[in-house]
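Single-letter residue listing:
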Amino acid sequence: MEEWIDLYRRDGSSLGRRIPKSAPRAADEYYLHVHVLLCSEAGGWLLQQRSMAKQFSPGKWDVTGGGVMAGETSRDAAFREVREELGLRIPPDRLCFAARQIVEEAGRCILDIWYARMDFRAEDCVLQAGEVDGVRLVPFAELAEACRDKGPAYREVLEKIRALCDAV
């Protein structure tokens, strides 16, 4: 079954249209994407390994994320992606919004970055076949290194999230 996405202007306002996820988009059409950074109360940040079957960046260690489906909010997508890819349920009071960024080079998306500090271990994860090949909890420096290709603005958001999680 084809997945559908809502279309947005660069400023995040809705264009009031939806298209199949695989359909081409005009230069002024953006879609919404989420990243969810998970900090374990026991220590460490979750990295997941993209499936070797993925078309883009197979085997890459990265943060949890995915596209926001048509009719879905960014927050709902964050909960869904973590549940689908990792089999974890984020307590609603633990999911926090960190930032919104415009990412031109990755297919023109509006990226919402979420985070949660919660009680889980890597072995609690149930990996989604075809999406995730592995998970591990890593020190913040390793998380930051895995995200270095996302640019300096993303790194600033990571530092903000680290400070917020450390303060709890």
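To be clear, the structure that these remarks concern was listed above.
Residues numbered from 1 in each chain as written. Predicted model: local features only at pLDDT ≥ 70, side-chain atom pairs only at ≥ 80, totals over all residues. Heavy atoms only, no water.

Novice: Could you give me a rundown of the pairing of strand β8 (residues 109-118), with the residues and numbers involved?
Specialist: Taken across its ten residues, β8 has nine buried, putting it largely inside the fold. Relative to β8, strand β3 (residues 31-40) runs parallel, the two sharing ten bridges. Bridge pairing in β8 places L37 opposite Y115. The sheet contact formed by strand β7 (residues 95-103) and β8 spans eight bridges and is antiparallel. Its bridge partner being in β8, F97 is matched across the sheet by W114. (Buried < 20%, exposed > 50% of the residue type's maximum accessible area, 1.4 Å probe, protein only. Helix = DSSP H or I, 4+ residues; strand = E, 2+ residues; numbered from the N terminus. Pairing = 2+ DSSP bridges.)

Novice: Kindly report on the side chain of E29, identifying the contributing residues and their values.
Specialist: Tracing the backbone through its elements, the reader meets E29 in the loop between β2 (14-20) and β3. Of the polar contacts made by the side chain of E29, one reaches the backbone nitrogen of A26; its length is 2.7 Å. Excluding its chain neighbours within four sequence positions, the residues that come into contact with E29 are L7, Y8, L15, R17 and R108. (Polar contact = N/O pair within 3.5 Å; in protein donor to acceptor, adjacent residues only side chain to side chain. Contact = heavy atoms within 4.5 Å.)

Novice: How would you sum up the environment of W61? Please name residues and give values.
Specialist: With respect to the secondary-structure elements, W61 resides in strand β5 (residues 61-62). Sequence separation between W61 and R121 is 60 residues; the distance between their C-alpha atoms is 17 Å. Among residues more than four places away in sequence, those in contact with W61 are L47, Q48, Q49, G134, V135, R136 and A146.

Novice: Mind laying out the pairing of β3, listing which residues take part and the relevant values?
Specialist: Across the ten residues of β3, ten count as buried, placing the element largely inside the fold. Residues Y31, H33, H35, L37 and C39 line one face of β3 and the alternating positions L32, V34, V36, L38 and S40 line the opposite face, and both faces are buried. Both β3 and strand β6 (residues 64-67) contribute to a ladder of four bridges, which runs antiparallel. Looking at the pairing, H35 lines up with G65 of β6.

Novice: Residues and numbers for the side chain of E72, please.
Specialist: Here E72 shows up in the loop between β6 and α1 (74-86). Among the residues examined, E72 registers a relative accessible area of 15% and is labelled buried. There is a polar contact of 2.9 Å between the side chain of E72 and the backbone nitrogen of M69. Beyond its immediate stretch of four places on either side in the chain, E72 contacts D6, G67, A77 and R80.

Novice: Got a sec to walk through the nonpolar core? Specific residues and values, please.
Specialist: L37, W45, I113, L143, Y154, L158 and I161 are the most contacted members of the largest nonpolar core, which has 28 residues in total. Examining the composition of this core, we find that five residues originate from one element, helix α3 (residues 152-167), more than from any other. Residue contacts for Y154: discarding those within four places in its chain leaves H35, L37, V63, Q101, L111, I113 and C147. Judged by nonpolar contacts, the second largest core, of 25 residues, contains Y8, L38, V68 and F79. (Core = buried A, V, L, I, M, F, W, Y, C linked by side-chain atoms within 4.5 Å.)

Just geometry here; none of it tells us what the structure is for.
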